[in-house]
Amino acid sequence: MSGWNSSELQVFCNSSQRFLQPLWDCVRNPDALTQSPFFLVIFGITTYVVFCLPFVVLDVLYPWVPALRRYKIHPNFSPTARQLLPCLGQTLYQHVLFVFPVTLLHWASSPDRLPTEAPELLELACHVLVCLLLFDAEFFAWHVLHHKVPWLYRTFHKVHHQNSSSFALATQYMSVWELFSLGFFDAVNVKLLGCHPLTVLVFHVINIWLSVEDHSGYNFPWSTHRLVPFGWYGGVVHHDLHHTQFNCNFAPYFTHWDRLLGTLRLAHAK
């Protein structure tokens, strides 16, 4: 089978771009919320709460639905309102008091015009994957450092470990320094790769979902780590071991850094 010639490749690129163009036209509509300086904060917190909500409902129903027990990593644990509400409250407080002003300053200092054309589908997929891999490496290094240096752990990271058994709303229960560190990694990566704004939004949606799923406390047959082959992706069981044992599984998503540096612990070793 012969390879594609330049005209065939151009047709493919144009068709993949047209596939995303209607979506991008809606996003960049002058009357859309995306034009507001409030958009990124509203988008981030709304996406986070929407992704957490199904797991919160499951946690509420759990004592009365025995069938859920088989999917719960810690069958004898169900978060109470005294655990759920402070987590949600701190997330909202930090976004209003810290994230929103920084986002507003960034919007005011860089009023870039949105491009008229959507990204190619392959470009979007590749950029999202590279962003996830970069974020995984950066947070792995940050995470190891904040566990190995006692002062950093006590001052900045300990708050995230106050709940040894994870639940969805505990995902962003963290110090301001940790929140801004993760946001900094996100911002640098998309800037470094020159990602299209639509790619940035897709990356944020996927990144938020994976983070929430990692802390959900539920191991379903359709969980991400079951869909990615060869054990390349750790997922909720992988991250839950970190929360219960502290000295392993420092990477948020993939397993290669923990495997290379000897900090990988598999679920059956629990």
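Data block above holds the structure.
These lines cover the structure that appears in this document, whether it is placed above or below. (Residues numbered from 1 in each chain as written. Predicted model: local features only at pLDDT ≥ 70, side-chain atom pairs only at ≥ 80, totals over all residues. Heavy atoms only, no water.)

### Remarks on the overall build of the protein
On a plain count of helices and strands, the protein comes out with 10 helices and zero strands. Reading the helices (α) and strands (β) of the protein from amino to carboxyl end gives α-α-α-α-α-α-α-α-α-α. Whereas a compact globule of 270 residues would reach a radius of gyration of roughly 18 Å, the protein reaches 20 Å, a difference of no more than 12%. In terms of overall dimensions, the protein has a C-alpha envelope of 60 × 50 × 40 Å along the principal axes. The buried share of the protein, taken over its 270 residues, is 45%. For the protein, the proportion of contacts with a sequence separation of at least 24, taken over those separated by at least 6, is 69%. About 14,800 Å² of surface is accessible on the protein, with carbon and sulfur atoms providing 69% of the total. Taking the 15 positively charged and 16 negatively charged side chains of the protein as two groups, their mean positions are separated by 14 Å. (Helix = DSSP H or I, 4+ residues; strand = E, 2+ residues; numbered from the N terminus. Rg over C-alpha atoms; globule rule 2.2 N^0.38 Å. Buried < 20%, exposed > 50% of the residue type's maximum accessible area, 1.4 Å probe, protein only. Contact = heavy atoms within 4.5 Å. Areas by Shrake-Rupley, 256 points an atom, 1.4 Å probe, with all protein chains shown as cover. Lys, Arg positive; Asp, Glu negative; His and termini not counted. Charge placed at Lys NZ, Arg CZ, Asp CG, Glu CD.)

### A word on helix α7 (residues 197–215)
The first and last C-alpha atoms of α7 sit 27 Å apart over 19 residues, in line with the 27 Å expected at 1.5 Å per residue. Positive phi appears at G217, one or two residues downstream of α7, with a value of about 85°. (Expected span 1.5 Å × (residues − 1).)

### Let's talk about the nonpolar core
Within the largest apolar cluster, 29 residues are counted, with the highest numbers of intra-cluster contacts made by L132, F135, L182, V190, L198, F203 and Y253. Contributions of two or more residues to this core are made by α1 (6–27), α2 (39–61), α4 (121–148), α6 (176–193) and α7. The leading source of residues in this core is α4, at seven residues. Leave out the neighbours within four places in its chain, and L198 touches L20, L23, W24, V27, P119 and L124. Judged by nonpolar contacts, the second largest core, of 22 residues, contains I45, F77, Y173 and I208. (Core = buried A, V, L, I, M, F, W, Y, C linked by side-chain atoms within 4.5 Å.)

### Some points on the side chain of S211
If you trace the backbone, S211 turns up in helix α7. Judged by relative accessible area, which is 19%, S211 ranks as buried. A distance of 2.8 Å separates polar atoms of two side chains, one belonging to S211 and the other to Y253. Dropping the residues within four chain positions of it, S211 is found in contact with T171 and Y253. (Polar contact = N/O pair within 3.5 Å; in protein donor to acceptor, adjacent residues only side chain to side chain.)

### Side note on the packing of aromatic side chains
Considering all chains together, one arrives at 20 aromatic pairs under this definition. Put simply, the rings of F51, F55, Y71, W209, Y218, F220 and W222 touch in pairs and so form one group of aromatic residues. When the ring centre of Y62 is taken as reference, the NZ or CZ atom of K72 above it lies at 5.6 Å. (Phe/Tyr/Trp six-rings, centres within 6.5 Å; stacked < 30°, edge-to-face > 60°. Lys NZ or Arg CZ within 6 Å of the ring centre and 35° of its normal.)

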